[in-house]
Protein chains: 2
Amino acid sequence: MSKDAAGLDRFYSIIPAGGIGSRLWPLSRADAPKFLHDLTGSGSSLLRATWDRLAPLAGPDRIMVVTGRAHRAAVEEQIPELIDANVVLESEPKDSTAAIGLAAAILHHRDPDVIVGSFAADHVIADVRAFRRAVTQAVAAADAGYIATIGITPTEPAIGFGYIHCGGHLDIPGAPDAIVAESFVEKPDLETAKEYLADGKHLWNGGMFVARAEVLLAQIGESDPELLAGLEELAEAWDDPARRGPTVDRVWPRLHKIAIDYTVAEPAAAAGRLAVIPGSFDWDDVGDFASIAKLHAGGRSSDLAILGKNARVLADSSSGIVVSQTDRIISLIGVRDIVVVDTPDALLVTTSQNAQRVKSVVDALKLSGRSDVL
Amino acid sequence: MSKDAAGLDRFYSIIPAGGIGSRLWPLSRADAPKFLHDLTGSGSSLLRATWDRLAPLAGPDRIMVVTGRAHRAAVEEQIPELIDANVVLESEPKDSTAAIGLAAAILHHRDPDVIVGSFAADHVIADVRAFRRAVTQAVAAADAGYIATIGITPTEPAIGFGYIHCGGHLDIPGAPDAIVAESFVEKPDLETAKEYLADGKHLWNGGMFVARAEVLLAQIGESDPELLAGLEELAEAWDDPARRGPTVDRVWPRLHKIAIDYTVAEPAAAAGRLAVIPGSFDWDDVGDFASIAKLHAGGRSSDLAILGKNARVLADSSSGIVVSQTDRIISLIGVRDIVVVDTPDALLVTTSQNAQRVKSVVDALKLSGRSDVL
């Protein structure tokens, strides 16, 4: 990858590695969140795969990971090359604006010209070359002053993703595919999703944002000046070992919890400042077990996907997915589209059709005081 | 229960406690066969419930249990009142004619006038009074020289049971309901089962046989003289501690393996020597998980039966049965007619419709050398 592409020499990736992935319980837990799991059977965790996808863009020294204190050891085990200056530990989760905004503010404080790009730690992208081509264009758009995102060309009327409503072509040097985002739209119903697929004007919102740190922070400040002030106070003290701790203790608890969709994506789109680079690579946020099953089966619904290094599965006339984290024999007979997740202290049995409802179990367990298995 | 009923003072029950119950894997195992489990949620194992059903008939001293050497400790734990003289340990399984025939031969050797009744250790009968009334009539029929059985009045066109084709009424003192058995018929297809249910001439074969030991042994001898000779040789030496061991070692390996249906029930029916006492109590041989589920649901298919003292099940829109032998949280979402059997080293997930196919898993595990979980 050439670093001559506009802005790429000033590019820095941010990986917000938070979020448990409740719909993937009991595989994903508070102490073993989704991004630490190998959900593709590739041998790499989602986090590691995200890192490997980004490292060639600006080098492994230019990727910052934002994660919870509890996950520090696990993250460092996954990424031995991660340097201390590139780890931002959250003392408590404050949603994506704070996570990404703080990383951007720290990086901006270190280099006012930095261009940052934020990429979730728990998404799956198979075609890394196509991904990096899209990011390179997004960086060029960012260099030109836009907040850029990568929109995924839909392959089906998915109801589990948000969409970006796209407008006309933008003329940005180094970003020949860039188009303007008209608006972001929430997860649609099936009828609407079919219309989106048919009209060719809608892309999936992959939740990737690339911008000059300065521009991103200004957008956050427009939406929530108090939050920006907190982030800048933290960033200013961050690299001073004596000041970081007290500043975090004072400022962190007051940070607003708000998703970056509301502080950045939607207002930037409304203001015509959001450029979309269409990406036609396979992308999935692996939001539930049905999507993992689909990922493994390559679309063949008759298949049974088996996840787990030591999985021992005997299946007869069965399809769906088995996730095995124990060494037990798992036997399936005549169960279609089944989801079986076998862990040492919890077992889930559901179907692909009900995979989205797994979150309700997590809620029920919380209510009943069983957070030891969450 | 009055012991004045004809023959009841000479009655002795035999409980053959063998058979793993492969269709109930992984709950039933070689080292934890079906009869040792509480499948009804009553708090008693099937063996213990069988014992408790029989004890009032002729007293707890007059029940003999035939089981494998490996199950001696478990059987004695279930039935502390079982005396040594009433335990027959099989050195290897030789099917039901040998098991029941040996017990009958031993009892006959001790008391030539004894009337024996054989009752499987792993069937479920809720109405014990109706059961004992039927046995009392069967004993009277046995006293009159018949081989008697109890036929269960069908409540549905079951295809999982054998049937008894019944003929005319018999005039036996003390057995007013006795009718003659025309023949035994194997498990029918659904069409035939519907005809059986409609014609009123067919009863389910509950596998219970009552006869004077002398008559039973003579019937075995007619069918298989060699087998009878072996059983009598064993019985004659049984109560002599010095001779039992060597005799068992010499004779046991040569005993023919054959079900009592072929040596006793069918030939006796063909010869007009088999009397049937119709029993209108609920009876089930709990042959697979679907029948356990049905037993618990009381016929309501929307229910989820939960077996296991420490079961912790979170179910949402699910029906069927969960058997829990671990302390894991088991969560079901939107799975209908499901069968989940959760044990420390093996997990089964299937449906009621496929419950009969569980045996094929057991066969597959045998073939693949995984008898450690069988």
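Computed from a prediction, not measured in an experiment: that's the story for all the values here.

**Q** In this structure, what is going on with the overall build of chain A? I would like to understand it.
**A** Across its full length, chain A carries eleven helices and 17 strands. Against the compact-globule benchmark of 21 Å for 374 residues, chain A has a radius of gyration of 21 Å, which places it among compact chains. Taking the principal axes of the C-alpha coordinates as reference, chain A spans close to 60 × 50 × 40 Å. Buried residues in chain A amount to 54% of all 374 residues. Taking as baseline every contact in chain A between residues at least 6 positions apart, the subset at least 24 positions apart corresponds to 67%. Of the roughly 14900 Å² that chain A leaves accessible, carbon and sulfur atoms contribute 50%. Charge separation in chain A, taken as the distance between the mean sites of 35 positive and 51 negative side-chain charges, equals 4 Å.

**Q** Before we go on, may I ask you to explain the sheet that holds strand E12 (residues 304–307) of chain A in this structure?
**A** Neighbouring strands of a sheet are bound in pairs by backbone hydrogen bonds; such pairs are parallel or else antiparallel. Ordered in space as E12(A)-E14(A)-E16(A)-E17(A)-E15(B)-E13(B), the six strands form an open sheet in which the pairing is mixed. Each edge of the sheet is formed by a strand with only one pairing partner; in this case those strands are E12 of chain A together with strand E13 (312–316) of chain B. Strand after strand, the sheet turns through a mean of 10° between neighbouring axes, direction not considered. Note that strand E16 (residues 338–342) of chain A and strand E17 (residues 346–351) of chain A share five bridges and pair antiparallel. Across the sheet, residue Val341 of chain A finds its bridge partner in E17 of chain A, namely Leu348 of chain A.

**Q** Looking at this model, I keep getting lost on the relation of the copies chain B and chain A. Mind explaining?
**A** Two copies of one chain are present, and they are related through a rotation about an axis combined with an axial shift. Expressed as a screw transformation, the operator carrying chain B onto chain A has a rotation angle of 179° and an axial translation of 0.1 Å, and the superposed copies differ by an RMSD of 0.1 Å. These values place the two chain copies in the arrangement generated by a two-fold rotation axis. Residue Val349 of chain B of chain B places its C-alpha closer to the rotation axis than any other residue of that unit, at 4.1 Å. Take the interface residues of chain B: 100% of them recur as interface residues in chain A, which is what a same-surface contact looks like.

**Q** Would you mind showing me how to read the packing of aromatic side chains here?
**A** Two measures describe an aromatic ring pair: the distance that separates the ring centres and the angle between the ring planes. Residue and element names in this part refer to chain A. Enumeration over the complete set of coordinates arrives at 16 aromatic pairs over all chains. Both rings, one in Phe11 and one in Phe119, keep their centres 6.5 Å apart while their planes meet at 75°; by these two values the pair is edge-to-face. Here Phe11, found in strand E1 (residues 11–17), pairs with Phe119, found in the loop between strand E4 (115–118) and strand E5 (124–125); they are 108 residues apart in sequence, far enough to count as distant. Under the relative-accessibility criterion, Phe11 is labelled buried at 0%. Through successive ring pairs, a cluster of aromatic residues spans Phe11, Phe119, Phe131 and Phe281. The ring of Phe131 has Arg53 lying over it, and the distance from NZ or CZ to the ring centre is 5.5 Å.

**Q** For this particular structure, what's the right way to read the domain arrangement of chain A?
**A** Interface size, as often reported, equals the accessible area lost upon joining of the parts. Residue and element names in this part refer to chain A. What the domain assignment reports for chain A is domain 1 (8–284) and domain 2 (295–373). Computed from C-alpha atoms alone, the centre-to-centre distance between domain 1 and domain 2 is 29 Å. Contacts between the two partners involve 13 residues from domain 1, matched on the other side by 18 residues from domain 2. Buried surface at the junction of domain 1 and domain 2, summed over both partners, amounts to about 1400 Å²; 65% is from carbon and sulfur atoms. The largest contributions to the domain 1 side of the interface with domain 2 come from Arg23, Trp25 and Arg29, which together make up 49% of the buried area. The interface formed by domain 1 and domain 2 contains one salt bridge. Arg29 serves as the salt-bridge partner of Asp345, at 2.6 Å between the closest nitrogen and oxygen. Classifying every residue of the side of domain 1 that touches domain 2 by side-chain character gives five nonpolar, four polar and four charged.

**Q** Looking at this structure, how should I read the UniProt feature "domain: MannoseP isomerase/GMP-like beta-helix" (unreviewed entry) in chain A?
**A** Within the UniProt annotation, "domain: MannoseP isomerase/GMP-like beta-helix" (unreviewed entry) is assigned to residues 315–365 of chain A. For residues 315–365 of chain A, the helix share is 16%, the strand share is 45%, and the end-to-end C-alpha distance is 30 Å.

**Q** I tried to follow unusual backbone geometry on my own but got confused; where do I start?
**A** With glycine set apart, most residues show a phi of negative sign, and most peptide bonds adopt trans. Between Trp25 of chain A and the following residue, Pro26 of chain A, the backbone shows a cis peptide bond with an omega angle of 5°. Secondary-structure assignment places Pro26 of chain A in the loop between E1 and helix H1 (46–58). Although it is not a glycine, Asp95 of chain A adopts a positive phi angle of roughly 70°. Looking at the element boundaries, Asp95 of chain A is found in helix H3 (residues 95–110). Even without being a glycine, Asp337 of chain B presents a positive backbone phi close to 55°. Mapped onto the elements, Asp337 of chain B comes out in the loop between strand E15 (329–333) and strand E16 (338–342).

**Q** Quick question: what am I supposed to make of the pairing of strand E3 (residues 87–90) of chain A here?
**A** Along any regular strand the residues' side chains alternate between the sheet's two faces. All names here are of chain A. Judged by which residues are buried, E3 turns out to be covered on both faces: Val87 and Leu89 on one side and Val88 and Glu90 on the other are all buried. The pairing of strand E2 (residues 63–68) with E3 spans four bridges and is parallel. The residue bridging Val65 from the neighbouring strand is Val87, located in E3.

**Q** What is the right way to read the UniProt feature "domain: Nucleotidyl transferase" (unreviewed entry) in chain A from this model?
**A** Taking the numbering used here, the UniProt-annotated feature "domain: Nucleotidyl transferase" (unreviewed entry) corresponds to residues 13–296 of chain A. Across residues 13–296 of chain A, the secondary structure splits into 41% helix and 21% strand, with the terminal C-alpha atoms separated by 28 Å.

**Q** Honestly, the packing of helix H6 (residues 213–223) of chain A against helix H9 (residues 260–270) of chain A in this entry has me stumped. Any pointers?
**A** How two helices pack is summed up by the angle between their axes together with the distance between the axes. Residue and element names in this part refer to chain A. It is the contact of H6 with H9, at a shortest axis distance of 9 Å, that shows an interaxial angle of 100°. It follows from the interaxial angle that H6 and H9 lie roughly perpendicular. On the side of H6, the interface is formed by Leu216, Gln219, Ile220 and Ser223, while H9 contributes Tyr262, Thr263, Val264, Pro267 and Ala268. Looking at the contact of H6 with H9 residue by residue, the classes come out as six nonpolar, three polar and no charged.

**Q** I would appreciate a short explanation of H6 of chain A in the present structure.
**A** Think of an α-helix as turning once every 3.6 residues; residues three or four places apart then point the same way. For H6 of chain A, every residue scored as buried is listed here: Ala213, Val215, Leu216, Leu217, Gln219, Ile220 and Gly221 of chain A. Buried residues belonging to H6 of chain A abut H3, E4, strand E6 (147–152), strand E9 (202–212), helix H7 (225–238) and H9 of chain A.

**Q** Hey, could you run me through the packing of H3 of chain A against H6 of chain A in this one?
**A** Residues and elements named next belong to chain A. Contact pair H3 / H6: the axes reach a minimum separation of 9 Å and the direction vectors enclose 135°. When the axes of H3 and H6 are compared, the pair comes out oblique. The chirality of how H3 crosses H6 is left-handed. Counted together, Thr97, Ile100, Gly101, Ala104, Ala105 and His108 of H3 and Ala213, Glu214, Leu216, Leu217 and Ile220 of H6 form the full contact between these two elements. Residues that form the contact of H3 with H6 fall into these classes: seven nonpolar, three polar and one charged.

**Q** Looking at this structure, I do not really get the interface of chain B and chain A. What am I missing?
**A** The interface is formed by 34 residues belonging to chain B together with 35 residues belonging to chain A. Applying the counting criterion to the chain B and chain A interface returns four salt bridges. When the shortest N-O distance is used, the salt bridge between Asp342 of chain A and Arg328 of chain B registers 2.8 Å. Linking chain B with chain A are 22 residue pairs in polar contact (both at pLDDT 80 or more), by the criterion used here.

Definitions and cut-offs
- Residues numbered from 1 in each chain as written.
- Chains lettered and ligands numbered in written order.
- Predicted model: local features only at pLDDT ≥ 70, side-chain atom pairs only at ≥ 80, totals over all residues.
- Heavy atoms only, no water.
- Helix = DSSP H or I, 4+ residues; strand = E, 2+ residues; numbered from the N terminus.
- Rg over C-alpha atoms; globule rule 2.2 N^0.38 Å.
- Buried < 20%, exposed > 50% of the residue type's maximum accessible area, 1.4 Å probe, protein only.
- Contact = heavy atoms within 4.5 Å.
- Areas by Shrake-Rupley, 256 points an atom, 1.4 Å probe, with all protein chains shown as cover.
- Lys, Arg positive; Asp, Glu negative; His and termini not counted.
- Charge placed at Lys NZ, Arg CZ, Asp CG, Glu CD.
- Pairing = 2+ DSSP bridges.
- Axes fitted to C-alpha atoms, helices over the stretch in contact; angles between N-to-C directions.
- Least-squares fit on C-alpha atoms with pLDDT ≥ 70 in both.
- Phe/Tyr/Trp six-rings, centres within 6.5 Å; stacked < 30°, edge-to-face > 60°.
- Lys NZ or Arg CZ within 6 Å of the ring centre and 35° of its normal.
- Domains from an automatic or database assignment.
- Buried area = accessible area lost by both parts, 1.4 Å probe.
- Salt bridge = Lys/Arg side-chain N within 4 Å of Asp/Glu carboxyl O.
- Nonpolar A, V, L, I, M, F, W, Y, C, P; charged D, E, K, R; others polar.
- UniProt positions renumbered as here; feature names shortened; annotations may be inferred.
- Parallel < 35°, antiparallel > 145°, perpendicular 65-115°, else oblique.
- Left-handed = near helix turned anticlockwise from the far one by under 90°.
- Polar contact = N/O pair within 3.5 Å; in protein donor to acceptor, adjacent residues only side chain to side chain.

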